[in-house]
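Residue-level listing of the chains:
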Amino acid sequence: MTEKFSSAGCIGIFLMSIFLWSSCKNQQKPTAYNKAVIDIDDNNVKPYNPSVFSGFIEHFQDQVYGGIYDPGSPLSDENGFRRDVAEAIRELKIKVVRWPGGCFASGYHWKDGVGKVRKPVPDPVWGITDPNTFGTDEFVKWCRLVGCEPYICTNAGNGTPQEMKEWVEYCNGQSGQYATERKANGNPMPYNIRYWSVGNENWGDHEIGASTPEKWGPLVRESADLMLTVDSTLILAAAATSDKDWTLPLLKAAGEKLKLIAVHGYWLPLWGKNEIPVYADCITRSEEPQKVLNEVIDILKTSGYRGKIKIAFDEWNLRGWHHQGFPRKEPVNPSDTAAIRLIKKRDINKIPCQYTMSDALFSASFLNACLRQSDDVEMTNIAPLVNTRGPLFVYPKGIVKRTTFHTLAMYANLLESNIASTSMTTPDSVRYEKRAIPVVDAIAATDNTKKNWSVVLINRHQEKATTCTVKIGEWLPDGKFDATVLQGDSPDAYNDIDNPDRVKPQNVSILIKNGVVVLPPHSVNIIKLAIKRN
Ligand code: AHR
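Let us look at the structure shown here.

The rules we used
Residues numbered from 1 in each chain as written. Predicted model: local features only at pLDDT ≥ 70, side-chain atom pairs only at ≥ 80, totals over all residues. Heavy atoms only, no water. Pairing = 2+ DSSP bridges. Helix = DSSP H or I, 4+ residues; strand = E, 2+ residues; numbered from the N terminus. Axes fitted to C-alpha atoms, helices over the stretch in contact; angles between N-to-C directions. Contact = heavy atoms within 4.5 Å. Core = buried A, V, L, I, M, F, W, Y, C linked by side-chain atoms within 4.5 Å. Buried < 20%, exposed > 50% of the residue type's maximum accessible area, 1.4 Å probe, protein only. Phe/Tyr/Trp six-rings, centres within 6.5 Å; stacked < 30°, edge-to-face > 60°. Lys NZ or Arg CZ within 6 Å of the ring centre and 35° of its normal. Lys, Arg positive; Asp, Glu negative; His and termini not counted. Salt bridge = Lys/Arg side-chain N within 4 Å of Asp/Glu carboxyl O.

Quick look at the sheet that holds strand β8 (residues 235–239) now. If you walk around this closed barrel you meet the 8 strands as β2-β3-β6-β7-β8-β9-β10-β11, and the pairing is parallel. Ignoring which end each strand starts from, the neighbouring axes of this sheet average 25° apart. Contacts from helix α11 (residues 357–372) reach β9 (260–268), β10 (310–319) and β11 (377–382) within the one sheet, and its direction differs from that of β10 by about 165°.

Dropping the structure here:
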């Protein structure tokens, strides 16, 4: 791509970039010229699935109780749902929410959470007692409130395929014992829940349902067969990984029953020991999700299921949740003070200064990777949506939108509905120890007329502004354009209760000269471009 520019052209662009940064308010002096170029192929565009903007909620810490659901709070509605939380989630245009876990699902029996008589039950996984006041009916009602589709992760731990089938009947059945029970509980119409997953992370020893590749495929097949007898239209997923030794046997045994394989990614493993790594350490992990996608796509190709089965990245986040000493497989004894102390240590997840511009930019890079692979990626679920490491921090008196909230909101609200194929040249790198990633990452989305474009440009550099040439077909935009910029006053900027708006998107008019735009350091920029075609 860079060879296309003559040296005279390059000098011209260099001088132009000097002019641009000196005339741009609030932008820092670039100390290096980065010849990033994004070449957008306007003949090669395809729709992506808006379910890439989806979320996950687990019965863990205060994601459900004290998060989305808090009966008795003056901020809650008559159903106990926090109004402020629901409103913020609607702003994210979340399409699908996965529930009730996570690892929690492997010890959860759905029948404990329906009907008039609900008993608190000790949870073997996270060591707490679940009051069961938020169950299937409440989850579906809450999904309707926030305008998303429910996605149920079944218990393939201490549950059975029969229990999964009965859950499907409770939700989607017209007749039968469990459909009748749903009706008696005040819900005459089937919920028609489309998305279901068999199990959670059954490849891992940490899981109650830890399995082997030999056993997992047949169990998924048996469960799927039973669930599909109740409702043949289900979109079924099963717990998978990018490890072919796990996922190929799964596809061989159960692939014809599945529409999705569920994979997870947390790129800073902080479950046991919480650390707050520096910006460069975090940001240089931004290209790792793409590697996972490549591996999973290779598995789909090898199995012959590529095009028939898609990827649900149904838990993702930069930072793994802190839950030292857990998950477990037996309830905690209330006199086990060491365990109680560990449970309390989960409050580490709440420390606000952890959620910085590195999280915001990592999330943007994650979404870029998934949108580029939109032929293969059906859904991605930020994990979690609320509290713990999620984009929305909820406390008794209000909410704080963390930096990642703004990234997700910008993508969901500003991106057009088709993704264009792009090629990138970005010679400069951001480095940390042995890792090096390109300074700029970009995607471009357009509407069906291909006249209106939203171009996402991420400058990952900690302190340097950088230039990028944007080219759509043969068109080099020139002039002032509307843009939304998320930058913060420092790479380590974060929001908290006292300063909830330190990092928030700014609507600006951005100058592009002969295709060249200056990107402020550590920023996500979405530029709206309209091509004037005859
Ligand atoms: O740390 C998040 C928890 O761990 C989720 O329950 C599980 O699915 C994941 O691995």
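So, about the nonpolar core. Formed by 145 residues in total, the largest nonpolar core has its most connected members in W142, W196, L385, Y411, L415 and L457. Here this core takes 10 residues from α11, the largest share from any one element. Counting residues in each nonpolar core, the second largest holds 9 residues, with V96, Y151, Y195 and I235 among its members.

Quick look at the packing of aromatic side chains now. With the rule as written, the count across this model stands at 29 aromatic pairs. When the centroid spacing of 6.0 Å and the interplanar angle of 55° are considered together, the rings of W267 and F366 count as tilted. Within this pair, whereas W267 is found in strand β9, its partner F366 is found in helix α11, the two being separated by 99 residues in sequence. A residue is classified by how much of its surface remains accessible, and W267, at 9% relative accessible area, is buried. Since its relative accessible area comes to 0%, F366 is described here as buried. Positioned above the aromatic ring of F326, the side-chain terminus of R328 is 4.3 Å from the ring centre. The ring of Y355 has R402 sitting right over it, with the charged end atom 4.1 Å from the ring centre.

For strand β23 (residues 523–530), a buried count of 6 out of 8 residues is recorded, marking the element as mostly surrounded by other parts of the structure. Where strand β18 (residues 452–459) lies against β23, 8 bridges are found, and the strand directions are antiparallel. Bridging from a neighbouring strand, I458 pairs with V524 of β23.

Below, the discussion takes up the side chain of D231. Mapped onto the secondary structure, D231 falls in the loop between α6 (213–230) and β8. Despite being buried, D231 has no salt bridge partner; R194 is the closest side chain of opposite charge, sitting 9.3 Å away. Apart from residues lying up to four places away in sequence, D231 is in contact with V168 and N172.

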